[in-house]
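# Coordinates in review
Residue-level listing of the chains:
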Amino acid sequence: MSSRALAGVAALAGRYDALFVDQYGVLHDGATPYPGARDALLRLRDAGQRVLLLSNSGRPGPYNVERLARLGLGPELYETIVTSGDTALALARSGDIPVRRGMRCLLIDGGGHDTHFCDVLGLVVDATPARADLVVIAGSQGGTLTEAQYRAMLAPLARRGVYAVCTNPDRRMLVPGGTAFGAGRIAELYEEEGGRVVWIGKPHRAIYTHAARICDVRPERVLCVGDSVEHDIAGALGFGADSALVRTGILADATPRELEAAFVRYSARPDYILPGLAW
């Protein structure tokens, strides 16, 4: 199967019951909305197309809603947002992630010290690795810290058999001037040291199931839009949805050969390829 190249999303409006649209790399670069993204959301809304934002953010939906609004992407442009942080919290509450109140938690994030996940579940955030009963990997300071520093911090916990929950599986993240390793790479380091990781977020199925339940749609009636073959396109395929890859974000500079190699590597090829999220 070959991917169909489209100039924008106009040709797709109304063909699906819902669009699951990624945030970073599709709507914005972390600081600035991409040209045409706001207009595309507005036109999709006016065309009656349901749009749900599906993000590998370890932070809860309301935080992301506020952040998007500050970038000029207000909540009137989409139906709701579902994050991997929201999904992890739902799974913990249902008992699918084994946590208990009072557990000491080593929180690894992007430096904002977002303790929402831990606070809601009654976990005790403790910055001393030797005391941790659980590791929550929600973000990365990959632009500041090195992989070696994270490995040195986490290796003793892996040896103790402390398990980790990764609420942001992205191995690469956008930073000013390029990309850096993300939370997913830190979780990967933990596994390399022998630690056990519970992965929540794209491409893993739970976040799609959670989102589909919220908006009451079937997988075959969903189009997933994202900038990562590994997460967005492979995740859509595993869920049973169609997919569209945008050439912004982490693959903005990929050559056709590099793009084809990614399709082969992850055994996932998008149904559509767009230059960006534009109408």
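Relevant structure appears above.
Since we're looking at a predicted model, the values are computed, not measured.

## Some words on the sheet that holds strand β14 (residues 272-274)
- Read across the open sheet, the seven strands follow the order β1-β14-β13-β12-β2-β3-β4; overall the sheet is parallel. Every interior strand has two partners, whereas the edge strands, β1 (4-5) and β4 (80-83), have only one.
- Against the sheet, helix α8 (residues 229-239) makes contact with β2 (18-21), β12 (222-226) and β13 (242-246), and its axis sits at roughly 170° relative to β13, the strand it touches most.

## Focus on helix α7 (residues 205-215)
- Restricting attention to buried positions, one finds in α7 the residues Ile207, Tyr208, His210, Ala211, Ala212 and Cys215.
- Elements that come into contact with the buried residues of α7 comprise β2, β3 (51-55), β4, α3 (84-94), β12 and α8.
- Downstream of α7 by one or two residues, Asp216 has phi in the positive range, about 55°.

## Considering the nonpolar core
- With 27 residues, the main nonpolar core has Val21, Leu27, Val51, Leu53, Leu223, Val225 and Leu277 as its most contacted residues.
- At the level of secondary structure, the elements contributing two or more residues to this core comprise β2, α1 (37-46), β3, β12, β13 and β14.
- Top contributing element to this core by residue count: α1, with four residues.
- If near-sequence neighbours (up to four positions away) are discounted, Val51 is found in contact with Leu19, Val21, Leu41, Leu44, Tyr78, Glu79 and Thr80.
- Within the second largest apolar cluster, 20 residues are counted, among which are Leu106, Ile137, Val162 and Phe181.

## Focus: the side chain of Lys202
- Secondary-structure assignment places Lys202 in the loop between β11 (197-199) and α7.
- Of the residues examined, Lys202 reaches a relative accessible area of 3% and is grouped as buried.
- Apart from the residues lying within four places of it in its own chain, the contact partners of Lys202 are Asp22, Leu54, Ser55, Asn56, Pro169, Ile207, Tyr208, His231 and Asp232.

## Brief notes about the sheet that holds strand β5 (residues 104-108)
- One open sheet holds the five strands; their spatial order is β6-β5-β7-β8-β11, and the pairing between them is parallel. In this open sheet, the two strands that pair with only one neighbour each are β6 (124-125) and β11.
- As paired strands, strand β7 (residues 134-137) and strand β8 (residues 164-166) are joined by three bridges and run parallel to one another. Along β8, the bridge assignment pairs Ile137 with Cys166.
- Where helix α5 (residues 147-160) meets the sheet, its contacts fall on β5 and β7, and the angle it forms with β5 comes to roughly 160°.
- Of the strands in this sheet, β5, β7, β8 and β11 are in contact with helix α6 (residues 183-192), which crosses β11 at around 150°.

Parameters at a glance
Residues numbered from 1 in each chain as written. Predicted model: local features only at pLDDT ≥ 70, side-chain atom pairs only at ≥ 80, totals over all residues. Heavy atoms only, no water. Pairing = 2+ DSSP bridges. Helix = DSSP H or I, 4+ residues; strand = E, 2+ residues; numbered from the N terminus. Contact = heavy atoms within 4.5 Å. Axes fitted to C-alpha atoms, helices over the stretch in contact; angles between N-to-C directions. Buried < 20%, exposed > 50% of the residue type's maximum accessible area, 1.4 Å probe, protein only. Core = buried A, V, L, I, M, F, W, Y, C linked by side-chain atoms within 4.5 Å.

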